[in-house]
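Secondary and tertiary structure notes
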Amino acid sequence: MEKFTKLTSRAIPLATENIDTDQIIPARFLKAIDKLGFGDNVFRDWRFQKDGSINEDFPLNNSIYSGSILVAGNNFGCGSSREHAAWALVGYGFNVIVSSFFADIFKGNALNNGLLPVQVSEDFLKKLITHLQENPTSKVTVNLEKQVLESAIGNASFEIDTYKKTCMINGYDDIDYLISKKEKIIAFEAQNEW
């Protein structure tokens, strides 16, 4: 994973609530066995019409919006526990998802794949989405070390598991984290021979 400490980017507002993992990456695209290519089909049924043409009304297709931060409605990532949803969002180019609630399994999958879920209050989220819709070039800063989201409408603090924060700041997955503790593990084993 790449290290994540602080990101400043434009953000794409997606006001829809209850976005489930089948909407993020439809089940018919889950046939691959690696992470490559999933970003091409993120929100596939919303980004494209049934005839394959682009849905110009969908925020990800609207040229006024861009950025590596997705600001989505409440209850993001609900539904089935597919890790592919996180793969698809990362593959599309998102580094941060902002919402007022994340499904637990999605949140874990996101963190395990270097995608930072930032949970803010519902009131702050609604104001941020409205602001971004009205000011599409506005930027948002997410500071993981300080655990704060900064925007033109104000700041919001967010919580993150200490272990996952350490992993993201250092670019570790679970194995990398264990390897980073190798010397301490060896020293412990030497002191505690069985």
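Here, every reference points to the structure presented above.
Everything quoted here is computed from the prediction, not taken from an experiment.

Along the polypeptide, glutamate 159 turns up in the loop between strand 7 (154-157) and helix 6 (162-170). Note on glutamate 159: relative accessible area 64%, which makes it exposed. Between the alpha carbons of glutamate 159 and valine 120 there is a distance of 8.9 Å; along the sequence they are 39 residues apart.

Moving on to the nonpolar core. One finds Ile24, Phe43, Leu70, Phe76, Leu89 and Phe106 to be the most contacted residues of the largest nonpolar core, which totals 26 residues. When residues of this core are traced back to their parent elements, those giving at least two are strand 1 (6-14), strand 2 (69-72), helix 3 (84-92) and helix 4 (104-112). Considering every element that reaches this core, the biggest residue donor is helix 3, with 4 residues. Excluding anything up to four places from it in sequence, isoleucine 24 contacts Ile19, Asn41, Val42, Phe43, Phe76, Gly77, Ala85, Leu89 and Phe106. In terms of nonpolar packing, the next biggest core, distinct from the first, is built from 25 residues, Val71, Leu128, Val142 and Met168 among them.

Summed over the entire model, instances satisfying the criterion amount to 10 aromatic pairs. An angle of 75 degrees between the planes, with centres 5.3 Å apart, marks the rings of phenylalanine 76 and phenylalanine 106 as edge-to-face. Of this pair, phenylalanine 76 sits in the loop between strand 2 and helix 3 while phenylalanine 106 sits in helix 4, and the two are 30 residues apart along the sequence. The pair formed by phenylalanine 76 and phenylalanine 106 is uniform in burial state, with each residue classed as buried. Ring pairs connect the aromatic residues Phe43, Trp46 and Phe58, which therefore count as one cluster. Over the ring of phenylalanine 48 we find arginine 44; its NZ or CZ atom is 4.3 Å from the centre of that ring.

Conventions we followed
- Residues numbered from 1 in each chain as written.
- Predicted model: local features only at pLDDT ≥ 70, side-chain atom pairs only at ≥ 80, totals over all residues.
- Heavy atoms only, no water.
- Helix = DSSP H or I, 4+ residues; strand = E, 2+ residues; numbered from the N terminus.
- Buried < 20%, exposed > 50% of the residue type's maximum accessible area, 1.4 Å probe, protein only.
- Core = buried A, V, L, I, M, F, W, Y, C linked by side-chain atoms within 4.5 Å.
- Contact = heavy atoms within 4.5 Å.
- Phe/Tyr/Trp six-rings, centres within 6.5 Å; stacked < 30°, edge-to-face > 60°.
- Lys NZ or Arg CZ within 6 Å of the ring centre and 35° of its normal.

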